[in-house]
Amino acid sequence: MSTQENRNTRQSVGVLGTGSYLPKDEVSNDWVAERAGVTAEWIERKTRIRARRYAAPTEATSDLATLAAESALDQAGIGADRLSYLVVATSTPDSPQPPTSALVQHELGAYDAACFDINVVCSGFVYGLELTRALLLMNPGTYALVIGADVYSRILNYDDRATSVLLGDGAGAVVLGPAPMSYGIVDARLRMRGDANELIKVAAGGSRLPTSHETVDAGAHYFTMRGRRVSEFVLDQVPLAVADLLHQAGATGEQIDHIVPHQPNGNLLAELVERLAMPNATTHRSLERYGNVGSACIPVTLDEANRAGELADGELVLLAAFGGGMSIGSCLLRWSA
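Predicted model only: the values in this text are computed from it and were never measured. (Residues numbered from 1 in each chain as written. Predicted model: local features only at pLDDT ≥ 70, side-chain atom pairs only at ≥ 80, totals over all residues. Heavy atoms only, no water.)

## Some thoughts on the pattern of salt bridges
If you walk through the whole model with that rule in mind, you get twelve salt bridges. In this structure, Glu130 engages Arg133 in a salt bridge whose closest nitrogen and oxygen atoms are separated by 2.9 Å. Pair noted here: Glu130 and Arg133 are both in helix α6 (residues 124-138), with a separation of three residues, about one helical turn. Side by side, Glu130 and Arg133 carry an identical accessibility label, which is buried. Taking the shortest distance from any N to any O, the salt bridge between Glu271 and Arg275 comes out at 3.1 Å. (Salt bridge = Lys/Arg side-chain N within 4 Å of Asp/Glu carboxyl O. Helix = DSSP H or I, 4+ residues; strand = E, 2+ residues; numbered from the N terminus. Buried < 20%, exposed > 50% of the residue type's maximum accessible area, 1.4 Å probe, protein only.)

## Describing helix α11 (residues 297-307)
Here α11 lies mainly inside the structure; nine of its eleven residues are buried. Turning to α11, its buried residues number three or more, namely Cys297, Ile298, Pro299, Val300, Thr301, Leu302, Asp303, Ala305 and Asn306. Of the residues flanking the end of α11, it is Gly309, one or two places downstream, whose phi is positive at about 75°.

## Quick notes on the sheet that holds strand β13 (residues 316-323)
Pairing in this open sheet of five strands is mixed, and the strands run β8-β14-β13-β11-β12 from one edge to the other. Each edge of the open sheet carries a strand with a single partner, namely β8 (184-192) and β12 (282-283). In the packing of helix α9 (residues 266-276) onto the sheet, contacts are made with β11 (258-261), β12 and β13, and the angle to β11 comes to roughly 140°. Here α11 sits on the sheet in contact with β11 and β13, set at roughly 140° to β11. (Pairing = 2+ DSSP bridges. Contact = heavy atoms within 4.5 Å. Axes fitted to C-alpha atoms, helices over the stretch in contact; angles between N-to-C directions.)

## What to know about helix α4 (residues 61-76)
Over its 16 residues, α4 extends 23 Å from the first C-alpha to the last, a length consistent with the 22 Å expected when each residue adds 1.5 Å. Of the surrounding secondary structure, the elements contacted by the buried residues of α4 are β1 (12-21), β4 (83-89), α5 (100-108), β6 (143-151) and β7 (169-179). (Expected span 1.5 Å × (residues − 1).)

## Observations regarding the environment of Leu240
Residue placement: Leu240 occurs in helix α8 (residues 227-249). Judged by its relative accessible area of 45%, Leu240 falls in the partly exposed class. In this structure, the C-alpha to C-alpha distance between Leu240 and Leu276, residues 36 residues apart in sequence, is 8.8 Å.

## Structural notes on the confidence of the model for the chain
Model confidence for the chain is summarised by a mean pLDDT of 95, while 97% of its residues fall at 70 or above. Here residues 1-8 scores under 50 on pLDDT; set against residues more than four positions off or in separate chains, the count is nine contacts. (pLDDT = per-residue confidence, 0-100.)

## A few points about the UniProt feature "domain: Beta-ketoacyl-[acyl-carrier-protein] synthase III N-terminal" (unreviewed entry) in the chain
The positions that UniProt labels "domain: Beta-ketoacyl-[acyl-carrier-protein] synthase III N-terminal" (unreviewed entry) are, in the present scheme, residues 116-192. Along residues 116-192 the backbone is 19% helical and 42% strand, and the end-to-end C-alpha distance reaches 20 Å. (UniProt positions renumbered as here; feature names shortened; annotations may be inferred.)

## Focus: the side chain of Asn265
Relative to the helices and strands, Asn265 is located in the loop between β11 and α9. For Asn265, the side chain forms a polar contact with the main-chain nitrogen of Asn267, separated by 2.8 Å. Non-local contacts of Asn265, meaning those with residues more than four positions away in its chain, are made with Lys46, Thr47, Leu166 and Leu287. (Polar contact = N/O pair within 3.5 Å; in protein donor to acceptor, adjacent residues only side chain to side chain.)

## Things to note about the environment of Ser164
Looking at the secondary structure, you find Ser164 in the loop between β6 and β7. Here the alpha-carbon distance between Ser164 and Arg35, two residues 129 residues apart in the chain, equals 9.0 Å. With residues near it in sequence (within four places) discarded, Ser164 still touches Val32, Ala36, Tyr54, Leu156, Asn157 and Tyr158.

## Quick look at the pairing of β13
Within β13, eight of the eight residues are buried, which leaves the element mostly enclosed by the surrounding structure. The side-chain alternation of β13 yields two buried faces, one formed by Leu316, Leu318, Ala320 and Phe322 and the other by Val317, Leu319, Ala321 and Gly323. The sheet contact formed by β11 and β13 spans four bridges and is parallel. Looking across to β13, one finds that His258 is bridged to Val317. As paired elements, β13 and strand β14 (residues 327-334) share eight bridges and run antiparallel to each other. Across the sheet, Ala321 pairs through a bridge with Gly329, a residue of β14.

## Observations concerning the packing of aromatic side chains
Scanning the model with the defined rule gives four aromatic pairs in all. Ring geometry for Trp31 versus Tyr54: centroids 6.1 Å apart, planes at 80°, classification edge-to-face. In this pair, Trp31 is assigned in helix α2 (residues 29-36) and Tyr54 in strand β3 (residues 51-54), connecting sequence segments 23 residues apart. Ring geometry for Trp31 and Tyr158: centres 5.7 Å apart, planes at 85°, overall edge-to-face. (Phe/Tyr/Trp six-rings, centres within 6.5 Å; stacked < 30°, edge-to-face > 60°.)

In C-alpha cells form, the structure reads like this:
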C-alpha cells in the first residue's frame, strides 16, 4: 500500500454543519394555477406541492447560496477563512461567467478556498459531496463548503403546467471536514445516462444556440421537461443505482435509517421510495412547502431534519438525487450527531 493510500484509510470525511435559506416570498398554488390554466387542487393532487418560494428581484443564486453557507458555517463553528474548498452546485448561475462560487467566496471572505461550480442539474449537490470528499482525503485536516443553490423562477414558462407548478428557489449547504473513523461519507455512486439528455433541458443561451432575439421570442431559454419519460427513467434507473451503491458499501436496504431524496414531485417520490424497499427508513420531505428547488433539494431537506433532531448518532442516511443529463447521484452517510 502506498503512503497516500495508507493515509487515506486512516481518516473519514463527514458533515460538520448544515444550513439552508429559502426566500421570504411564498407563492401559493392559487397564484401558479391561474397562470398555468389549472386549479390549485389539481396541483396538489398531481404533485402534493402546496407552496414554493421565489427569490426577490434583488436576489440571485449567489445571494441564496451565501446565506445558506453562513448558516452551515455557524453550526459547524468553522470560520470561512479556514475553508480550503468552496463548491457551488447550480444549473441557474448568476451569469455564465464568473463562476457563482467566486461570488460566494467574496461575500463570505473565504479567500483561502479554491472555488468551482458544477452543473449536474438536480444531482449536483451529491456530485459535489463526492468530489469534495476526494479533495479532503488528499489533504487531511482541511475543510470544505458544498452548496446546492438554484433560482428556477427566472427560467420558468408560467404557461407550462408541466414545469411551472413544480419548481421554486432555495439553497442548502454543508460543511465537510474530518470525522471519526466509521462515520461520515461511507460511499457514493455517481452515474450519467447521456443518451437521455433530451428529457430535461434549457435549449438556448449556450454555444450551440446563443442568445438572440429569435431564441428569446421562441421561449428557448425556458426550462423544459418531458414529464412522463422522466418519471419512467427515475423509477427504472434510480433503484438500480442505489442497489449498486449499497452493494458497493456492503449495506442492505434494511439497514438504512433515513432517506433524504431529491424532491421532484410528491407522487413520483412516493413510488420511488416504495421501489427502494427500505422498510425501516424514514423518508424526509420538504416539497410540500418549497416545491422542487433543484440542486438545493437534498441539502435543504437534510438541514431541516438535522435541526429538528431527527438524525441520531450512528444512523445510516441515504441521499438519492437525479436530474438532467440524465444524472443520478447517491451517497451513504453514517451520521455523527
